[in-house]
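# Tertiary structure, described
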Amino acid sequence: AASTFDSLLAADDGSSAVSTAVAEVYVARSLFATGNSARALPLATQALAVCVESGAAAPTMLAHMAMAEGALAVRRHADALASADASLAVVERDLPQWVNRMHLLRASALLQAGDIAAAATAVDAGMDASPAGADGWRVRRQLEAVRLMATPATATWPTAAAEELTDDLLQARWYGIA
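Residues numbered from 1 in each chain as written. Predicted model: local features only at pLDDT ≥ 70, side-chain atom pairs only at ≥ 80, totals over all residues. Heavy atoms only, no water.

## Side note on the nonpolar core
Ranked by size, the top nonpolar core spans 34 residues in total, and within it Met61, Val91, Leu95, Met102 and Leu105 carry the most contacts. Listing elements by their share of this core, those giving two or more residues are α2 (17-33), α3 (37-54), α4 (57-73), α5 (77-94) and α6 (99-113). In contact with valine 91, other than residues within four places in its own chain, are Met61, Pro96, Trp98, Val99 and Met102. Core analysis: the next-biggest nonpolar cluster, separate from the first, contains 12 residues, Leu104, Met127, Val146 and Ala150 among them. (Core = buried A, V, L, I, M, F, W, Y, C linked by side-chain atoms within 4.5 Å. Buried < 20%, exposed > 50% of the residue type's maximum accessible area, 1.4 Å probe, protein only. Helix = DSSP H or I, 4+ residues; strand = E, 2+ residues; numbered from the N terminus. Contact = heavy atoms within 4.5 Å.)

What follows is the structure, given as structure tokens:
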């Protein structure tokens, strides 16, 4: 998926408004991740408008993804879900290699909103869309983490599965997920 995405971005010569917007999306994602949503939101919003207007699939997906991640960071789950759904629509149409990742994003937004059943459904869809073997390992493990977080309070906690997943994520140095 990453190589396909990179090749789509490489088709641009770097001098267009879309190239600038993609750079702004990466900056916005960094700002959201470091808690600076006040600076990130206008940058991501502007970049999203340019990407959508261009019709370029990969930049548009990335911009929607940034908006969803940012909304999750500030606990605006309705906005996160809307952006995740918009990104999912783009990848289902143009970038099928990214469908699993967008279901993960959607599951995270639904989990944050408290819709456990819908989050579990999104996890299942992401698992179904993930390639077997090493290519899909990372997203499958992240989806499993969301599934565990969506375990109803009335259910028996799957201790062994949770410990194995935590160990895998820590060994892979994914500290924010483990």
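Structure shown, so let's carry the discussion forward.
## Points about the environment of phenylalanine 32
Secondary-structure assignment places phenylalanine 32 in helix α2. The spacing of phenylalanine 32 and leucine 72 is 40 residues in sequence and 9.4 Å in space, taken between C-alpha atoms. Among all residues touching phenylalanine 32, those that are not within four sequence positions of it are Ser37, Ala40, Leu41, Ala44, Ala66, Gly70 and Ala73.

## Brief notes about the packing of helix α8 (residues 134-149) against helix α9 (residues 159-171)
Two numbers describe how α8 lies on α9: the axes approach to 10 Å, and their chain directions differ by 135°. Between α8 and α9, the angle is such that the two are oblique. In terms of crossing hand, the pair formed by α8 and α9 is left-handed. For the pair formed by α8 and α9, the contact residues are Trp137, Arg141, Glu144, Ala145 and Leu148 on the first element and Ala161, Ala162, Glu164, Leu165, Asp168 and Leu169 on the second. (Axes fitted to C-alpha atoms, helices over the stretch in contact; angles between N-to-C directions. Parallel < 35°, antiparallel > 145°, perpendicular 65-115°, else oblique. Left-handed = near helix turned anticlockwise from the far one by under 90°.)

## Remarks on α9
Between its first and last C-alpha atoms α9 spans 18 Å; for 13 residues at 1.5 Å apiece the expected length is 18 Å, and the two agree. Of the residues making up α9, those classed as buried are Ala162, Leu165, Asp168 and Leu169. Along α9, the residues classed as buried sweep out an arc of 130° about the axis, all on the same side. Facing away from the buried surface of α9 by more than 90 degrees, the exposed residues are Ala160, Glu163 and Gln171. Where α9 is buried, its residues meet α8. (Expected span 1.5 Å × (residues − 1). Arc of directions from axis to C-beta.)

## What about the packing of α6 against helix α7 (residues 116-129)?
The N-to-C vectors of α6 and α7 enclose an angle of 170°; their axes lie 8 Å apart at closest approach. By the angle class used here, α6 and α7 are roughly antiparallel. For the pair α6 and α7, contact is made by Val99, Asn100, His103, Arg106, Ala107, Leu110 and Leu111 and by Ile116, Ala118, Ala119, Ala122, Val123, Ala125, Gly126 and Ala129, respectively. Among the residues making up the contact of α6 with α7, the classes are represented as 11 nonpolar, three polar and one charged. (Nonpolar A, V, L, I, M, F, W, Y, C, P; charged D, E, K, R; others polar.)

## Brief notes about the environment of alanine 63
As for its position among the elements, alanine 63 is in helix α4. Spatially, the C-alpha atoms of alanine 63 and serine 83 are 8.9 Å apart, while their sequence positions differ by 20 residues. Non-local contacts of alanine 63, meaning those with residues more than four positions away in its chain, are made with Val25, Leu48 and Cys51.

## As for the environment of glycine 126
Relative to the helices and strands, glycine 126 resides in helix α7. It is 7.7 Å that separates the C-alpha atoms of glycine 126 and arginine 140, two residues lying 14 residues apart in sequence. Discounting chain neighbours no more than four positions away, the residues touching glycine 126 are Asn100, His103 and Leu143.

## Considerations on the layout of surface pockets
Empty space within the second largest pocket amounts to approximately 160 Å³. Lining the second largest pocket are Phe32, Ser37, Leu41, Met67, Gly70, Ala71, Val74, Arg76, Asp79 and Ser83. Mapped by element, the contributors of at least two residues to the lining of the second largest pocket are α3, α4 and α5. The biggest single contributor to the lining of the second largest pocket is α4, with three residues. (1 Å grid on protein atoms, 1.4 Å probe; cavity = no way out; pocket = protein on both sides within 12 Å on 5 of 7 lines; lining within 4 Å. Points joined across faces, edges and corners; volume = space filled by probe spheres on them.)

## So, unusual backbone geometry
Positive phi is not limited to glycine here, since arginine 75 has a value of about 60°. Under the relative-accessibility criterion, arginine 75 is labelled exposed at 56%.

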